[in-house]
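# Inside the fold
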Amino acid sequence: MKLTSLKIENFRNFENINVDLTNQNVIFGMNDVGKTNFMFALRFLLDKEVRKNGFKTSDYYKNNIDKTIKITLGVDLSDRETNNDSKHIISKVGGARSSDKLDEFYFRVEGTFEKSEAMGIPKIYWGNKFEELIEVNQNGIFSSLDNLFKVVYVDPTIDLEKTFLKNRNKLFDQAKLDESDINISDEIKQLADTLNNKISSMNIIQSFQANITDEYKKLKNENIKIEMKSELSINGYFGNLIPYIKRDNDDHIYPTSGDGRKKILAYSLLNHLIQLQEGNKIIIYLIEEPENSLHRSMQIALSKQLFNSKVYNYFFLSTHSSELLYEMDHASLIRVYSQSGTACESYIYTVDTEYRDVKKELNRSLATALFANKVLLVEGPSEKVLFEKILEEVNPMYELDGGFLLDVNGIKFEPYAKVLRGLNISVIVKTDNDLKSKKNQPTKFDLIGLQRCLNLLEDYEEISLPAIEIDYSKIDSEGKKVYSEKEKLKMVIEKKKDIFQQYENQIRLLKEKNIYLSKIDLEHDLYEAIGPTMQNALGSNPIKYLQDHKLINMIEFTKYLSQTDCSTIINHPLFEALRKLVSSNEIEIS
Amino acid sequence: MVKKMGIELNKIADHRTIAAITFTIKATQEIKKKAQQSINKKIVVMTNDSFIEKEITRPFIRDAFGPQYSGEYAVEYGNEYKFNTSNDGLEQLKTKNILGSFRNNKQNFKFKVALAILQRSVAAKEYLVSKYKVLFIDEYQDSDQDMHNFFMFLKNVLCIKIFIVGDGKQAIYIWRGAMSNIFELLVKEKFNNYELVTNFRCHKAIENYANLLHNTSYFDNQSELVDTVVFKKYPYNNFENLPVSFSQLVSNNIIDVNKEITIISNFNDDAKAITTSLNEKGYDFVFIPRTPIDEGLPNGYLLKELAMFSKNTDYTIYDFIENIGNDERTQTRIEINQIISGLKKSKNLVEEKIKVIISNLSSYLGMKISIEEIAKFCESVCDPQYEMAFHLSDKKHKVMTVFAAKGLEFDQVISFSRYYSIHVNDNMQNHYVCVTRAKEKFVMFIDNDRYSEHVIRTALINGLNEPNKLFKKIE
């Protein structure tokens, strides 16, 4: 079974959203935008304990009880030949499937408000045609759907002690003792009696017992005697057990102190319990912000557990932590955000095969950007260092406002742009106007910088730019044709300026779509903006200096930059990309 | 079979289950009861009719035949809804939303439709395959050709494991299409075949006697004298001198009056005559008549319980609810009681009133009871001749027909050879059922020499020339 879609209508802060799902779903967004409500939508559908309370007025979008709440989960059953969960669904829904649409199936809860009941009574529907779902018989609040799914809601405040205490009887079921356990159990009971006899024989205990019995009789004259007993023999020895941690090759035991370890243990406990009781139900985990009180390294470990282990076949994870996303692949990213009412976008994120090897790297930089509203993609670390400095001076709060600067470490903007745009996060790109000579044709150059920008345009026909000729050969004194590197550099720079002129219209279109091409490259653009400052700081050839040891020299240079310099740069036409990142107006996005 | 069900169920690690499919509601209840003791997972136990209706026909008819059909059809057995061809039957189902039956009662429309649906609907196939690991089918000897085709489709095309039990000798529904050669057909189906040769009910010599005449290959040519099978000479055509003959059996310690005695006759009238003549001489036999609602009606079981409710003061609404297997919520009980309590004052029962009550009950329970069935119910409860059938009887001595005795067992059984023309290979099933009802003693009143001659001849053919090693003969 694959989860494919969730449509939420008229429920809490969702007027009407439809998101794509996979079996691993990550929900993120600012606080109070509705992540928990998103989870609640699923719980109303799949958890009878939540459903039994009915839909209250406040569960209706803007309290509009005239409209019906509908929450519809779509699944794909095309793996039914091999997948047991798909078979399980088929075996329970019977005639609700028809032969013309065997791969799809939908589960829905509807709540039409009933004034007499002062609530919406949830009704369950299912079927393989979205428009013609069939009502499922309910016995009270229980429906056949509840035989199929089990929702495990993992609270952010999951508490080891409570989880353990609540389930201790289930974990150590006395009825499951085998013969040798029963023998041992009898021995323990004898030991407990011995222990209690020893305790009562102590003088200090005896005199206390005598005194307290006297005191009691003064208040109420009854034929009784007060005795002190160890709980071991009263509540049974299982009642005393608590988990400790014992390291390999270390004889000491350690309390499970520390919230992080406790939390991981609580998760393990929960998984164990669910395996014990639910047998064949399809278990869907709803895990809310598990990162709370987990150290970063624990979060990374948990990420591995979530995305790679067999335990969590189907889950919805809400999080603010990028670390939890390091291992994601083929996950549905669900961004809940506020934009005149609550909106929701989902993007099924799959790591392309060409990035498999760098999955973690890609995810690491991408994951942080996911929590922003607006992301400026730059080529490398020197851009990042420079831009960070400028923003720090001119607009230090940009990250709080949802801005984010992402270094793509190269020129592969596309995978980032695709995911971010898919989630309705504004993408701004700043890249160099690169030219690249063709193989074996030293004087033929491709316009790779501009081409890269054009490729980032969505919904436009692919434009393929023709190569250009830059003949930097010279006839030397002996009448021979020679190629001069110095001449090449000079001519390439001139050509870039020409291109910037010649493709003016395309570049304007690109700007409208937040894609900014440098006139030449970062260093030249910077020189145009604050040439004198650069010369003062770096000598007569500052561009060459910066380009020679890109990162180190740029870090050094940023120390020279004053607030005025930064202000000059950000207001220069060639650095409009930065202005876009900090402008308060929402950017029109493609 | 229930034990095997438990074993198969324990082997299943996924969501799938097993179903036990029976021929009668009574058998369903028996299996449920037995399963309760040994099986703690949820299983499906249904009659074959409700199995196909609930699992195939109602849910998937639209998928297979198109939206003009509805799963909410009514089932009618009345003559006006009978037809000759499948096409007519389907047309009626489509236009009138009524599922009727063939005029030729050897053809089974319900099962033909179910098979056709399975052949057309991928969804239906996937449903059954996803849900069931093994199907257990009880009393397979009562299946007709269409049922057989259906079950073999499940096995051969859907590859669902099938476990069949049955006894070819017990097929007493041949008159309505059950096939006498069904187990021969099964041989071709490549089942693993196990023959159960020990009858756990009967004394060994009684079983051996039955085997000689019905399962010759298991006949044991043994050398001990037999006193549990008795031929009692009875040279009368009616039931003259029956008490005398019976008293002889008692005084010779052949029949023990402190244990169960059941006399099996083939007709209600004979059974009555036997009862009267014995009771006139101080015996205490009770005649358990076969009522019109015992004639294998679709809702026969429900009607029987309803009749018990009506006629028997000790039989309460609680018994009714429990026996019809309805949910036992107070509200249901009260509502059903309101509907049917009118039947309790049995003195002034009139047909019109009964009709109203039954139609209210059937709509409350969401089932269809035909006019024909209601008429048979009225006859059963209004005609005093059937009175005894509805009284729970602790009495040890009974007289009943072979049909009523099916599935039951008694310490001592007495019957009359006139009912069994086994020498011409007739009444074979009835004879087998009759003999094998007896746990400790079987007495045949020989009022017809052809019977005993046939038995002795058959014994000779099988190498037994001393009849007293087969039965004890009494003058």
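Residues numbered from 1 in each chain as written. Chains lettered and ligands numbered in written order. Predicted model: local features only at pLDDT ≥ 70, side-chain atom pairs only at ≥ 80, totals over all residues. Heavy atoms only, no water.

Counting secondary structure elements, chain A contains 20 helices and 25 strands. Within chain A, the fraction of its 590 residues that count as buried is 47%. When contacts within chain A are restricted to residue pairs at least 6 apart in sequence, long-range pairs at least 24 apart make up 67% of them. Within the structure as shown, chain A displays about 30,500 Å² of accessible surface, and the carbon and sulfur contribution to it stands at 48%. (Helix = DSSP H or I, 4+ residues; strand = E, 2+ residues; numbered from the N terminus. Buried < 20%, exposed > 50% of the residue type's maximum accessible area, 1.4 Å probe, protein only. Contact = heavy atoms within 4.5 Å. Areas by Shrake-Rupley, 256 points an atom, 1.4 Å probe, with all protein chains shown as cover.)

Glancing now at the interface of chain A and chain B. Counting from both sides, the interface comprises 15 residues of chain A and, opposite them, 14 residues of chain B. With both chains or domains summed, chain A and chain B bury close to 1,200 Å², and 52% of this area falls on carbon and sulfur atoms. Its largest share of buried area at the contact with chain B, chain A owes to Ser91(A), Ser99(A) and Asn280(A), together 34% of the area lost on that side. Counting every contact that joins chain A to chain B gives two salt bridges. Here Arg80(A) ties to Glu126(B) by a salt bridge, and the two come within 2.6 Å at their closest N and O atoms. For the side of chain A that touches chain B, the leading source of residues is helix H3 (residues 84-93) of chain A, giving five residues. (Buried area = accessible area lost by both parts, 1.4 Å probe. Salt bridge = Lys/Arg side-chain N within 4 Å of Asp/Glu carboxyl O.)

It is worth spelling out the side chain of Thr431(A) at this point. The topology assignment puts Thr431(A) in strand E19 (residues 426-431). One polar contact links Thr431(A) to Glu379(A), side chain to side chain, over a distance of 2.4 Å. (Polar contact = N/O pair within 3.5 Å; in protein donor to acceptor, adjacent residues only side chain to side chain.)

All right, on to the packing of aromatic side chains then. Throughout the structure, instances matching the rule amount to 41 aromatic pairs over all chains. With a centroid separation of 6.2 Å and 75° between ring planes, the pair formed by Phe14(A) and Phe38(A) is classed as edge-to-face. Highlighted residues: Phe14(A) in strand E2 (residues 14-20) and Phe38(A) in helix H1 (residues 35-46), separated in sequence by 24 residues. Judged by relative accessible area, which is 0%, Phe14(A) ranks as buried. Judged by centre distance (5.2 Å) and plane angle (50°), the rings of Phe416(B) and Phe445(B) are tilted. Remark: Phe445(B) occurs in strand E14 (residues 438-446) and Phe416(B) occurs in strand E13 (residues 410-416); sequence separation between them is 29 residues. (Phe/Tyr/Trp six-rings, centres within 6.5 Å; stacked < 30°, edge-to-face > 60°.)

A few words on the nonpolar core. Residue and element names in this part refer to chain A. Membership of the largest hydrophobic core comes to 102 residues, with the highest contact counts inside it found for Leu 377, Phe 387, Leu 450, Leu 526 and Phe 557. It is helix H16 (residues 522-538) that provides the largest number of residues to this core, a total of seven residues. Residue contributions to this core reach at least three from each of two domains, namely domain 1 (2-159 + 263-342) and domain 3 (372-582). Setting aside residues no more than four positions away along its own chain, Phe 387 makes contact with Leu 376, Val 378, Leu 405, Lys 430, Leu 522, Phe 575 and Leu 578. Grouped together as the second largest cluster of nonpolar side chains are 97 residues, Ile 27, Leu 46, Ile 69 and Phe 149 included. (Core = buried A, V, L, I, M, F, W, Y, C linked by side-chain atoms within 4.5 Å. Domains from an automatic or database assignment.)

To continue, consider the environment of Leu195(A). Residues and elements named next belong to chain A. The topology assignment puts Leu 195 in helix H5 (residues 179-201). Separated by 37 residues in sequence, Leu 195 and Leu 232 have C-alpha atoms that sit 9.0 Å apart. Those residues in contact with Leu 195 that sit more than four places away from it in its chain are Ser 230 and Leu 232.

In this model, chain B carries a mean pLDDT of 86, and residues with pLDDT of at least 70 account for 93%. What the predictor reports for the complex is a pTM of 0.70 with an ipTM of 0.71. (pLDDT = per-residue confidence, 0-100.)

Moving on to the packing of helix H9 (residues 204-214) of chain B against helix H18 (residues 428-435) of chain B. Residues and elements named next belong to chain B. H18 packs onto H9 with a crossing angle of 170° between their chain directions and a minimal axis gap of 10 Å. On the basis of their axis angle, the class for H9 and H18 is roughly antiparallel. In this structure, H9 contributes Ile 206, Tyr 209, Ala 210, Leu 213 and His 214 to the contact, and H18 contributes Met 428, His 431, Tyr 432 and Val 435. (Axes fitted to C-alpha atoms, helices over the stretch in contact; angles between N-to-C directions. Parallel < 35°, antiparallel > 145°, perpendicular 65-115°, else oblique.)

A separate point is unusual backbone geometry. Look at Asn409(A): it is not a glycine, yet its phi comes out positive at around 55°. Looking at the element boundaries, Asn409(A) is found in the loop between strand E18 (403-407) and helix H12 (414-422). Phi is positive for Asn97(B), which is not a glycine, with a value near 60°. In this structure, Asn97(B) sits in the loop between helix H4 (86-96) and strand E5 (98-99).

To continue, consider the pattern of salt bridges. Scanning the model with the defined rule gives 45 salt bridges over all chains in all. Residue Asp146(A) is joined to Arg51(A) by a salt bridge in which the shortest nitrogen-to-oxygen separation is 2.8 Å. On the criterion of sequence distance, the pair formed by Asp146(A) in the loop between strand E9 (142-143) and strand E10 (149-154) and Arg51(A) in helix H2 (residues 48-51) is long-range, its members being 95 residues apart. Like Arg51(A), Asp146(A) is buried. Here Lys259(B) and Glu440(B) are joined by a salt bridge, their closest N and O atoms 2.9 Å apart. Of this pair, Lys259(B) sits in the loop between helix H10 (242-251) and strand E10 (261-265) while Glu440(B) sits in strand E14, and the two are 181 residues apart along the sequence. The class of Lys259(B) is partly exposed, set by a relative accessible area of 33%. Through salt bridges with shared partners, a single network forms among Arg80(A), Arg97(A), Asp103(A) and Glu126(B).

All names here are of chain A. Across the sheet, which stays open at both edges, the six strands sit in the order E2-E1-E4-E5-E6-E7 with antiparallel pairing between neighbours. This sheet does not close on itself; its edge strands, each paired only once, are E2 and strand E7 (134-135). In this sheet, E2 lies alongside strand E1 (residues 2-11) in antiparallel orientation, the contact comprising six bridges. Looking across to E2, one finds that Ser 5 is bridged to Asp 20. The strands that H1 touches are E1, E2, strand E4 (69-76), strand E5 (104-114) and strand E6 (119-127); relative to E1, the one it contacts most, it runs at about 105°. Helix-sheet contacts for H3 involve E4, E5 and E6, and the interaxial angle to E5 is about 55°. (Pairing = 2+ DSSP bridges.)

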